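Descriptive structure summary
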Amino acid sequence: MSKSANGGFLESVSRNFDKAAPHTGLHKGLLAQIKACNSVYQMRFPVRIGSEYQVIEAYRVQHSHHRLPTKGGIRYSQKVNQEEVMALATLMTYKCAIVDVPFGGAKGGVKISPREYTTAQLQKITRRYTTELIRKNFIGPGIDVPAPDYGTGSREMAWILDTYLTFKGGEIDAAGCVTGKPVNQSGIRGRTEATGRGVFYGIREACSHKDDMAKLGLTVGTEGKTMAIQGLGNVGYHTGIISQEEGGVKIIAVAEYEGAIYSEDGLDIKKLLAHRKKTGSILDFPGAKNMKQRKDILELKCDILVPAALENQIRKDNASKVKAKIIAEAANGPITADAEEVLLKKGIMIIPDMYINAGGVTVSYFEWLKNLSHMRFGRMEKRFNHNTYRNLVALVERMTGKTVGAKERDFLTRGADEIDLVRSGLEETMITSYDQIRSTMKRKKAVTDLRSAAFVSALNKIGSDYESLGIFP
Ligand code: NAD
């Protein structure tokens, strides 16, 4: 497909792969297999909208079958095309490898602008898309498991599950055919916020290394660091709110579809969302200034820039104007390969998409496991742990002759709920994966940026999977 179709997104992913591949020690044939998209399903189906029929263009790409099921979100956007879905599916394979989630990568896309349809029409399109996937055996708990992405959320996932159940209701693990579902429909607590929460944990981890921060002229930790966010959707909003509330980060600018706003004193993200709900826009938010153009946010002076909208936002033409010290790629592919060269030369730290936004697929994995086990996390051990901790506190009280206050006692003796376990699993994943990437970079002198290190780490894991299958010696 031509570069113009999608600004060279797939080409950028491919160039990043080629840059890292020589540092893996894997042989050429194996690298070629890892790079290729295994299955591409392009479909066109009719949906009656009002009194007319519309032919909808849609895709599902399974990039790698080295582990099954494959996994990846479904995007609803007018910009969807085959090359974009292939690039996103490819990133999913590497992302899963980086965070040790045992899936191959996949992605889906439906070429529609959700704003132009009613809820009933979106439901019709989603159900028909799911039916197409079922017909071609492109969905199932052991085959391919979709999730939310740009333009979709738990509502669409519930429609997908319901359609799947209509055809395959007798399958005992049917609920695991899709993740990101509402909690009361076999979903998991903490999935909606998972990607944004993971972005925060990843940023916090990156900011915890004194020598790395010193190189950027920054202090250790997130407290007081300034942040600008492009896109206040699921990922951008949760990144903002959690960074603000748990990391003491000051959000100085936000951009959305309708424009961008700025305040040196910081923006209250919860109030901003309420303002947008009330007025239909982030603009004219009390205490903030409207910026001239929404894209100006990318060139703003700040410590951390979080592109959380779409790919190809920082390109060769605007890369030299970026003034952030750290870019956390919450969106997939926001920086082109050309732009990356410019940014790295400027000494900017880029925390790559395939690591920093992997919180979503990590918690999706937990949801899938919950669906296969047919039981909520924490159900077996919560009460047992509570009783054990209570006995321990009682023992300490007896031994010291002192009494623990009621509030402290509650805190010390609480058994973990599902949400506690999900957050703990996510935090552990983001910390461990960052350490793996960073130590790959430290070990290999020729690998000097986090994206290449992430690629090397991912490719070696996938390569070792293929080798253990005995396909490649
Ligand atoms: P979303 O649809 O919830 O939100 C995206 C927001 O970006 C929308 O509000 C949209 O109006 C805004 N936007 C679009 N173009 C913009 C522009 N030029 N400037 C400013 N704002 C703009 O989507 P999301 O789920 O938050 O996904 C955002 C990105 O994160 C995508 O790249 C997606 O692939 C990636 N991602 C999402 C998840 C997830 O769990 N949802 C997981 C990993 C990665």
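Here, every reference points to the structure presented above.
Worth saying up front: this structure is predicted, and the values here are computed from it rather than measured. (Residues numbered from 1 in each chain as written. Predicted model: local features only at pLDDT ≥ 70, side-chain atom pairs only at ≥ 80, totals over all residues. Heavy atoms only, no water.)

1. Some thoughts on the packing of helix α2 (residues 9-20) against helix α12 (residues 337-345)
Axes are the key here: two packed helices are described by the angle between their axes and the distance separating the axes. Quick reminder of the rule: Every angle, taken between N-to-C directions, lies between 0 and 180 degrees, and every axis is a line fitted to C-alpha atoms, over only the stretch in contact when it is a helix. Counting from the N terminus, the helices are the DSSP runs of H or I reaching at least four residues and the strands are the DSSP runs of E reaching at least two. Orientation is classified from the angle alone, with under 35 degrees giving roughly parallel, over 145 giving roughly antiparallel, 65 to 115 giving roughly perpendicular, and any other angle giving oblique. When checking whether two residues touch, look at their non-hydrogen atoms; a contact exists if any pair is within 4.5 Å. Ten residue types, Ala, Val, Leu, Ile, Met, Phe, Trp, Tyr, Cys and Pro, are classed as nonpolar, four, Asp, Glu, Lys and Arg, as charged, and the remainder, Gly among them, as polar.
The geometry of α2 relative to α12 is characterised by a closest axis approach of 8 Å and an angle of 55 degrees between their N-to-C directions. In this view, α2 runs oblique relative to α12, as classed from their interaxial angle. From α2, S12, R15, N16 and K19 reach across to α12, where they touch A337, D338, E341 and L344. Partitioned by chemical class, the residues of the contact of α2 with α12 number two nonpolar, two polar and four charged.

2. Things to note about the sheet that holds strand β1 (residues 39-49)
To keep things clear, this is the line we draw: Here, strands pair whenever DSSP counts at least two bridges between them.
Here five strands make up an open sheet; going across it, the order is β1-β2-β4-β3-β5 and the pairing mixed. Here the strands that pair on one side only, and so sit at the sheet edges, are β1 and β5 (144-148). Taken over all neighbouring pairs, the strand axes of this sheet differ in orientation by 25 degrees on average, direction set aside. Across five bridges, the pairing between strand β3 (residues 70-76) and strand β4 (residues 104-110) is parallel. Looking across to β4, one finds that K71 is bridged to G105.

3. Quick word on the site of the ligand
The line we're drawing: Neighbouring residues are identified by heavy atoms, a residue being near a molecule or strand if any of them is within 4 Å of it. Distance and chemistry together define a polar contact, namely a pair of N or O atoms within 3.5 Å, with one atom able to donate a hydrogen and the other to accept it when in protein, and with adjacent residues in sequence counting only for side-chain atoms on both sides. For accessible areas, the Shrake-Rupley method is used with a probe of radius 1.4 Å. Any residue's cover is judged against the shown protein chains and nothing else.
Taken together, 23 residues form the shell around the ligand, and within it R75, D149, T195, E256 and N332 come nearest. Residue R75 places a side-chain N or O atom 2.9 Å away from an oxygen atom belonging to the ligand. V235 is positioned with one of its backbone polar atoms (N or O) 2.9 Å from an oxygen atom of the ligand. When the ligand is considered free in solution it has 830 Å² of accessible area, and contact with the protein chains removes 91% of it. Those elements giving two or more residues to the shell around the ligand turn out to be α9 (234-247) and β7 (250-256).

4. Notes on unusual backbone geometry
Cis rather than trans, the peptide bond between L68 and P69 has omega equal to 5 degrees. By the secondary structure assignment, P69 is in the loop between β2 (52-62) and β3. With a phi angle near 60 degrees, N137 is a residue other than glycine that sits in the positive phi range. By secondary structure assignment, the location of N137 is in the loop between α5 (119-135) and β5. One non-glycine residue, D284, adopts positive backbone phi at about 60 degrees. On the secondary structure map, D284 appears in the loop between α10 (269-279) and β9 (289-290).

5. Quick word on a positive patch on the surface
The condition is simple: Patch membership requires over 30% relative accessible area and the absence of a salt bridge. Like charges are linked within 9 Å, and nonpolar side chains (Val, Leu, Ile, Met, Phe, Trp, Tyr) within 5 Å. The term salt bridge refers to a pairing of a side-chain nitrogen on Lys or Arg with a carboxyl oxygen on Asp or Glu at a separation within 4 Å. Positive: Lys, Arg. Negative: Asp, Glu. His and the chain ends are not part of the count. To locate a charge, the coordinates of NZ of Lys, CZ of Arg, CG of Asp or CD of Glu are taken.
A surface patch of positive charge is lined by K295, K321, K323 and K346. Relative to the assigned elements, K295 resides in the loop between β9 and β10 (304-307).

6. What about the pattern of salt bridges?
Inclusion rule: Think of it in three bands: residues with accessible area under 20% of the maximum for their type are buried, residues over 50% are exposed, and the middle band is partly exposed, with areas taken using a 1.4 Å probe on protein chains only.
With the rule as written, the count across this model stands at 34 salt bridges. Ionic pairing is found between D317 and R315, a salt bridge with its closest N-O pair at 3.2 Å. Residue R315 is classed as partly exposed on the basis of its relative accessible area, which comes to 33%. Linked by salt bridges that have partners in common, R75, E84, K107, D149 and E311 make up one network.

7. Thoughts on the state of the cysteines
This is how the line gets drawn: By definition, disulfides here are pairs of cysteine sulfur atoms that lie within 2.5 Å.
Counted by the stated rule, this structure contains zero disulfides. The thiol of C302 is unpaired, and the distance to the nearest cysteine sulfur, on C207, comes to 12 Å.

8. Considerations on the pairing of β2
The pairing of β1 with β2 spans eleven bridges and is classified as antiparallel. Across the sheet, R44 pairs through a bridge with E57, a residue of β2. Hairpin connection from β1 to β2: two residues lie between these consecutive antiparallel strands, with G50 at a positive phi of about 65 degrees. For β2 and β4, the ladder comprises five bridges, and the chain directions are antiparallel. Note on β4: the bridge partner recorded for A58 is V110.

9. Section: the nonpolar core
Put simply, the rule reads: Joining through side-chain atoms within 4.5 Å is the link that ties buried Ala, Val, Leu, Ile, Met, Phe, Trp, Tyr and Cys residues into a set, and such a set is a nonpolar core.
Ranked by size, the top nonpolar core spans 82 residues in total, and within it I34, Y94, I203, V306, I326 and M349 carry the most contacts. Here this core takes nine residues from helix α18 (residues 450-469), the largest share from any one element. Apart from the residues lying within four places of it in its own chain, the contact partners of Y94 are F17, I34, K35, H63, M354, F455, A458, L459 and I462. Counting residues in hydrophobic clusters, the runner-up holds 27 residues, among them F45, I49, I139 and V178.

10. Some details on the layout of surface pockets
So the rule is basically this: Space inside and on the surface of the protein is sampled on a 1 Å grid over the protein atoms alone, with a cavity defined as a set of points where a 1.4 Å probe fits but cannot get out and a pocket as an open set with protein on both sides within 12 Å along at least 5 of 7 lines; lining residues have an atom within 4 Å of a point. Grid points are joined across faces, edges and corners, and a volume is the space filled by probe spheres set on the points.
In this structure, the second largest pocket spans a volume of roughly 410 Å³. Along its surface, the second largest pocket is lined by 20 residues, and K215, M349, M441, T448 and D449 are the ones closest to its centre. At the level of secondary structure, the elements contributing two or more residues to the lining of the second largest pocket comprise α8 (210-216), α12, β12 (349-351), α17 (418-443) and α18. Sorting elements by how many residues they give to the lining of the second largest pocket places α17 first, with four residues. A per-class count over the lining of the second largest pocket returns nine nonpolar, two polar and nine charged.

11. Things to note about the packing of aromatic side chains
Put simply, the test is: Any pair of Phe, Tyr and Trp rings, taking the six-membered ring for Trp, is counted once the centres come within 6.5 Å. Such a pair is stacked with planes under 30 degrees apart, edge-to-face with planes over 60 apart, and tilted for the rest.
Using the criterion set out here, one finds ten aromatic pairs in the structure. Ring geometry for Y41 versus F138: centroids 5.1 Å apart, planes at 55 degrees, classification tilted. With a gap of 97 residues between them, Y41 in strand β1 and F138 in the loop between α5 and β5 connect regions that are remote in the sequence. The pair Y41 / F138 is uniform in exposure class, with both members buried. Relative to F455, the ring of Y94 has its centre 5.1 Å away and its plane inclined at 55 degrees; by these criteria the two rings are tilted.

12. Things to note about empty space enclosed by the protein
Counted under the stated rule, the structure contains one cavity of 30 Å³ or more. One number sums up the size of the largest cavity: a volume of about 80 Å³. Contributing to the lining of the largest cavity are F9, S12, V13, N16, L91, E329, G333, I335, D353, M354, R451 and F455. Elements with a minimum of two residues in the lining of the largest cavity: α2, α13 (353-356) and α18. With four residues, the single largest contributor to the lining of the largest cavity is α2. Considering only residue class, the lining of the largest cavity consists of six nonpolar, three polar and three charged.

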